[in-house]
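# Observations on the three-dimensional arrangement
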Amino acid sequence: MPRKPLVLHLERDDQIYHALNLIPMTPGQICKLSQIWDQPFNDVKRARERLATLASAGRLRSFRYATRSRGEQSYYVMTRSRYHLLHGRDAQPPRNAFRELSFTRQQHTRILADILVHALILAHRDGAQLQRFRRENEKRYQTAAGDFQDDGYLELLSPGGRPHVFHLECDRSTRPLSNQWQQNSLQSMVQKYEALADESEHRFRVLFITTGSPQHVRDFLQIASKEARYPGRMLCYGITLEGFLQLRSLREKHLLNHHLQMSALISEKGSLVIPKSI
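Residues numbered from 1 in each chain as written. Predicted model: local features only at pLDDT ≥ 70, side-chain atom pairs only at ≥ 80, totals over all residues. Heavy atoms only, no water.

## Brief notes about the overall build of the chain
Heads up, the condition is: Helical segments are the DSSP runs of H or I of at least four residues, strand segments are the runs of E of at least two, and each set is numbered from the N terminus. C-alpha atoms define the radius of gyration, and 2.2 Å times the number of residues to the power 0.38 defines the globule rule. Residue burial is assigned from relative accessible area. The probe radius is 1.4 Å, only protein chains are included, and a residue is buried under 20% of its type maximum, exposed over 50%, and partly exposed in between. Here, residues are in contact when the closest pair of their heavy atoms is within 4.5 Å. Per-residue and other accessible areas follow the Shrake-Rupley method at a 1.4 Å probe size, with only the shown protein chains counted as cover for residues. In this count, Lys and Arg are taken as positive residues and Asp and Glu as negative ones, while His and the chain termini are left out. To locate a charge, take atom NZ for lysine, CZ for arginine, CG for aspartate or CD for glutamate.
Secondary structure assignment for the chain yields eight helices and eleven strands. The C-alpha radius of gyration of the chain comes to 20 Å, within 12% of the 19 Å expected for a compact globule of 278 residues. Taking the principal axes of its C-alpha atoms as reference, the chain extends roughly 65 × 40 × 40 Å. Burial analysis of the chain (278 residues in total) assigns 50% to the buried set. Counting contacts in the chain only where the partners sit at least 6 residues apart, residues at least 24 apart contribute 61% of the total. When the accessible surface of the chain is summed, it comes to about 14900 Å², and 46% of that surface belongs to carbon and sulfur atoms. Across the chain, the 41 positively charged side chains and the 28 negatively charged ones have centroids separated by 4 Å.

So this is what it looks like as structure tokens:
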């Protein structure tokens, strides 16, 4: 059995491990995220070379996206041993954290990684800190309207110390908008989030990001408006993926709420929170 090459540990490697601990990423996504690190990669080629080196040393695992495009195809995940070095021997990793992504999850995961990377860059620019992130389907929520799992959970801490909690919903225009008989419809999803907001002690927002058109965002938010139990509770926000990736600050008012008003992820007052008792 061939011996793995001896690889000198670099300080930047720890940031790579922490990034891949969140979600599988491509060299391009790692390169983009590294721009907020102390030692950023100068280009994607250097990021790709370092990731390949760490994989050859057994510190990461490399797989390929099943795509017909000419774009980047490799993505990287943590190894089990590296995960336990970060979190301790008794830590319970997310399900399938170290395996190749199933074909049905690949496109979704790649888009979620794009969203997360850009959200972390925006948070860095605005002085916010990442407090917690959960992967797709990592937690099941039980509500009076039915059980569900979100696409991601993101908690940021503003410079003033306020938590901002977002449930991420990555939409590829594959789910029906409104159908009372289909549990995967967007209408059913909104009903479950409304029930969760009623039952939860913690305030949050639903961030709906779609690869579809701006009209699809409006269609979703019209459903959210119809299903809103308290019109003044701004629960659902929407934006296209293209629009989100063009944001330069969390405080830019380029998202729509369910009143179809332009809003920001974090307001100038440092709060997205509206009391539940409206």
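## Description of the sheet that holds strand β8 (residues 205-210)
Selection rule: Any two strands with at least two DSSP bridges between them are considered paired.
Within the open sheet, the seven strands sit side by side as β3-β6-β7-β8-β9-β10-β11. Their pairing is mixed. At either margin of the open sheet sits one strand with a lone partner, and together these are β3 (129-134) and β11 (262-263).

## So, the packing of helix α1 (residues 11-22) against helix α4 (residues 80-87)
Rules: The axes are straight lines fitted to the C-alpha atoms, using for helices just the contacting stretch, and the angles between their N-to-C directions are given from 0 to 180°. Reported orientations rely on four angle classes, namely roughly parallel under 35 degrees, roughly antiparallel over 145, roughly perpendicular from 65 to 115, and oblique for the rest. Gly falls in the polar group here, along with every residue not listed as nonpolar (Ala, Val, Leu, Ile, Met, Phe, Trp, Tyr, Cys, Pro) or charged (Asp, Glu, Lys, Arg).
α4 packs onto α1 with a crossing angle of 105° between their chain directions and a minimal axis gap of 11 Å. Comparing their axes, α4 and α1 come out roughly perpendicular. Residues Tyr17, His18 and Asn21 of α1 form the contact with α4, whose participating residues are Arg82, Tyr83, Leu86 and His87. Across the contact of α1 with α4, the residue classes break down as three nonpolar, three polar and one charged.

## Considering helix α3 (residues 44-56)
Spelled out, the test is: Multiplying one less than the number of residues by 1.5 Å gives the expected span of a helix. It is the directions from the helix axis to the C-beta atoms whose arc is reported. Identification of polar contacts relies on pairs of N or O atoms within 3.5 Å, with a donor-acceptor requirement for protein atoms, meaning one able to donate a hydrogen and the other able to accept it, and with residues adjacent in sequence counted only if both atoms are side-chain atoms.
Compared with an ideal rise of 1.5 Å per residue, which puts 13 residues at 18 Å, α3 spans 18 Å between its outermost C-alpha atoms and is within 8% of the ideal. All buried positions along α3 are accounted for by Ala47, Arg50, Leu51 and Leu54. Down the axis of α3, the sector holding all buried residues measures 100°, keeping them to one side. Packed against the buried residues of α3 are α1, α2 (27-33), β1 (60-64) and β2 (74-78). Taking the backbone nitrogen of lysine 45 as reference, a side-chain oxygen 3.2 Å away marks aspartate 43 as the first, capping residue of α3. Phi turns positive one or two residues past the end of α3, at glycine 58, with a value near 80°.

## Comments concerning the packing of aromatic side chains
Applied cut-off: Aromatic rings from Phe, Tyr and Trp, with only the six-membered ring used for Trp, were paired whenever their centres fell within 6.5 Å, and each pair was classed as stacked if the ring planes differed by under 30 degrees, edge-to-face if by over 60, and tilted otherwise. Whether a charge sits over a ring depends on NZ of Lys or CZ of Arg being within 6 Å of the ring centre and within 35 degrees of the ring normal.
Taken as a whole and assessed by the stated rule, the structure comprises seven aromatic pairs. When the centroid spacing of 5.8 Å and the interplanar angle of 40° are considered together, the rings of phenylalanine 63 and tyrosine 75 count as tilted. Here tyrosine 75 lies in strand β2 and phenylalanine 63 lies in strand β1, a separation of twelve residues in the sequence. Classification of phenylalanine 63 as buried rests on a relative accessible area of 12%. For the pair tyrosine 193 and phenylalanine 204, a centre-to-centre distance of 6.3 Å together with 55° between the ring planes defines the contact as tilted. You can see tyrosine 193 sitting in helix α6 (residues 186-199) and its partner phenylalanine 204 sitting in the loop between α6 and β8, a full eleven residues away along the chain. Residue tyrosine 193 shares its accessibility class with phenylalanine 204, and that shared class is buried. One aromatic cluster is present, formed by Tyr141, Phe148, Tyr193 and Phe204 through successive ring pairs. Sitting over the face of the ring of phenylalanine 41, arginine 12 holds its NZ or CZ atom 3.8 Å from the ring centroid. Stacked on the ring of tyrosine 153, the Lys or Arg arginine 134 has its end atom at 4.0 Å from the ring centre.

So far we have only geometry, and geometry alone does not tell us how the molecule works.
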